[in-house]
Amino acid sequence: ADQPVMVFQGHSDEVNAIKWDPRGQLLASCSVDKTASIWSLNQDTSLMVLKGHTQEIYTVKWSPGSDVESSNRPPLLASASFDGTVKLWDLETGTCKHNLAKHSMSVYSIAFSPNGQFLASGSFDKKLLIWNVADGRLVKSFTGTCGIFEVDWNRDGTQVAACGNKKNVSVLDMRH
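Calculation rules
Residues numbered from 1 in each chain as written. Predicted model: local features only at pLDDT ≥ 70, side-chain atom pairs only at ≥ 80, totals over all residues. Heavy atoms only, no water. Helix = DSSP H or I, 4+ residues; strand = E, 2+ residues; numbered from the N terminus. Rg over C-alpha atoms; globule rule 2.2 N^0.38 Å. Buried < 20%, exposed > 50% of the residue type's maximum accessible area, 1.4 Å probe, protein only. Contact = heavy atoms within 4.5 Å. Areas by Shrake-Rupley, 256 points an atom, 1.4 Å probe, with all protein chains shown as cover. Lys, Arg positive; Asp, Glu negative; His and termini not counted. Charge placed at Lys NZ, Arg CZ, Asp CG, Glu CD.

Caption draft 1: Layout of the overall build of the chain. Along its length, the chain carries one helix and 15 strands. Taking 16 Å as the expected radius of gyration for a compact globule of 176 residues, we find that the chain reaches 16 Å, a close match to that expectation. Once the C-alpha set of the chain is aligned to its principal axes, its extents read approximately 45 × 35 × 35 Å. The buried share of the chain, reckoned over its 176 residues, is 45%. Sequence-distant contacts, at least 24 apart, represent 39% of the contacts inside the chain between residues at least 6 apart. Carbon and sulfur atoms form 48% of the exposed surface of the chain, whose accessible area is close to 9200 Å². Placing the 17 positive and 18 negative side-chain charges of the chain at their respective mean positions leaves the two points 9 Å apart.

Below you can see the structure in the form of structure tokens.
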């Protein structure tokens, strides 16, 4: 049987999600233990542990962008937590760049726009929020009829879709 190339151990509780960075060199993980970790295949210990959430981190997403792929600058990492916040992490310093705290319940889904300028977040509080990544400002808000479990952008970044615990899908047009 095949063996794993690498096994990372560092979280003290269940790992909820893992995501490769856009270059495929770093792996981010997040956990019930309220932390996110950054891993490299070059070592079996984490490069950094990101702390600041007060409840479990449900998912993580890397910012996209051609500028990241052509430079040595690491992309931003966003983390979404049951504490109702989304954090944008600067991985050069390992610090929280922006704490996005306008949800009143667990945040289940986050998605960067294709150009990396905006971040959508969806929460059990029925809100789909759109954030400006550069300054952390809330730029759009949509309240649906149910808790939101998934958000996703279309290819050109003009629309955001959201779905939740009812039988519908909502699409928000960013051009208006």
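Okay, back to it.
Caption draft 2: Expanded view of the environment of Leu27. Within the element layout of this structure, Leu27 appears in strand β2 (residues 26-31). Classification of Leu27 as buried rests on a relative accessible area of 11%.

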